[in-house]
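What follows is each chain in one-letter form.
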Amino acid sequence: MEFESVIWAVQDDMSKKVGITTTIPIEVVYAAGLRPVDLNNLFIAGEKPNEAVEKAEQAGYPRNICGWIKGLYTTLLESKEIEQVIAVTQGDCSNTHALMETWQAAGIEVIPFAFPYDGDYDLLKLQIEKLIKALHTDWDSVYLWKQKLDRIRQKAHQIDTWTWQKGSIDGKNNHQALVGCSDFDGNPDQYEAFLEHMLQAAIGQEQKGAVRLGYVGVPPISYDLYDYIENQGAQIVFNEVQRQFSMPFEVSDLVKQYQQYTYPYSIFHRLRDIEQEIERRNIAGIIHYTQSFCFRQIEDIILRQRLNVPILTLEGDRPGPIDARSRMRIDAFIDMLAY
């Protein structure tokens, strides 16, 4: 156990940060003594996220490119502490390749990582091994960090359970607890304390009777979507992709853990999880959020063919409040499900 105590001590002295473009095998980053920063969270939580999008367009990014990609571009370039980024080249946004190239042109070191399309175990293991080698760590250290992070993930899973079983945690707080599991906010101990505080605050709270909705798709770029939906009498009891960030399965094999993680793979991997949770959580309807100019908009066709509950598809473009048209459509959707 001496080695374990050493790597926990390293966490307190971490100074070098490494950006990530989406959830990756984060245990590898921590095992290397680095502090991961999910650039999506850094971008959307910034003081002026819309200005970050505009700066990317001023730099030459086209109008018809996803707002998240443009926000990530500016966020990393303006960071004074991040000089290295791990970018997912397969299993996330199809525009990441060009994003990587514009970062490289600006002098940022880019480490590629790819989730195999079909979730092949051997190919995924090879990619993780390449990442371990690139970050100068080893499997033993990675597995020690997996044990630590899995203990923290258990608190996130409890928050998710209380959301749909008790209603004691609303959809927005559920989103915040789960989405942060992509990087544990760069400090797992502090993040665990954040989750524990949320659990303690929920004790004795209960909400029932609202229209039970599921949220499917990437996290929203609109900051007030959850507040508006729940103010209209609905309760979001399932955040699909955010829940996947928390690795909602118990498995000792790290490769299998990221093989079961549904987001990077085909829509059919995700559908099995969505269908199961709709039934388990007694969900009346689905909000399918899509980002403007994203290839995942096409997947709405398959969701509508396969899911046996009503679906409302919302599209977001830039950071900011949801637009008036979307508000009217949300109102009508909730009213329809309530009667």
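Residues numbered from 1 in each chain as written. Predicted model: local features only at pLDDT ≥ 70, side-chain atom pairs only at ≥ 80, totals over all residues. Heavy atoms only, no water.

Q: Lay out the sheet that holds strand S2 (residues 35-38) in plain terms, naming residues and giving numbers.
A: Within a sheet, adjacent strands bond to each other through the backbone by hydrogen bonds, running parallel or antiparallel. Reading across the sheet, the 4 strands line up as S2-S1-S3-S4 and stay open at both edges, with parallel pairing between neighbours. In this open sheet, the two edge strands, each paired with only one partner strand, are S2 and strand S4 (109-114). Taken pair by pair, the neighbouring strands of this sheet meet at an average axis angle of 30 degrees, ignoring direction. With 3 bridges joining them, strand S1 (residues 17-20) and strand S3 (residues 82-90) adopt parallel strand pairing. (Pairing = 2+ DSSP bridges. Helix = DSSP H or I, 4+ residues; strand = E, 2+ residues; numbered from the N terminus. Axes fitted to C-alpha atoms, helices over the stretch in contact; angles between N-to-C directions.)

Q: So, the side chain of Thr75: which residues are in play, and what are the values?
A: Within the element layout of this structure, Thr75 appears in helix H5 (residues 67-78). Thr75 gets classed as buried once you look at its relative accessible area, which sits at 12%. The residues contacting Thr75, other than those within four sequence positions of it, are Leu39, Leu42 and Phe43. (Buried < 20%, exposed > 50% of the residue type's maximum accessible area, 1.4 Å probe, protein only. Contact = heavy atoms within 4.5 Å.)

Q: Just give me the short version of the sheet that holds strand S7 (residues 285-291), but keep the residues and values in it.
A: Taken in spatial order, the 4 strands line up as S6-S5-S7-S8 in an open sheet, and their pairing is parallel. Sheet topology places strand S6 (234-239) and strand S8 (311-316) at the edges, where each strand pairs with a single neighbour. Each neighbouring strand pair of the sheet contributes to a mean axis angle of 30 degrees, computed without reference to strand direction. Two strands pair when backbone bridges link them, and S7 and S8 are joined in this way by 6 bridges, in the parallel orientation. In the sheet register, Thr290 faces S8, and the bridge partner there is Glu315. This element, helix H16 (residues 324-338), spans strand S5 (211-216), S6, S7 and S8 of the sheet and lies at about 165 degrees to S8.

Q: Mind laying out the pairing of S3, listing which residues take part and the relevant values?
A: Pairing between S3 and S4: 6 bridges, direction parallel. Note on S4: the bridge partner recorded for Gln84 is Glu109. In the classification by handedness, the crossover that spans S3, the intervening helix H6 (residues 96-105) and the parallel S4 is right-handed. (Right-handed = clockwise from strand over helix to strand, strands pointing away.)

Treat this as a map of the structure, not an account of what it does.
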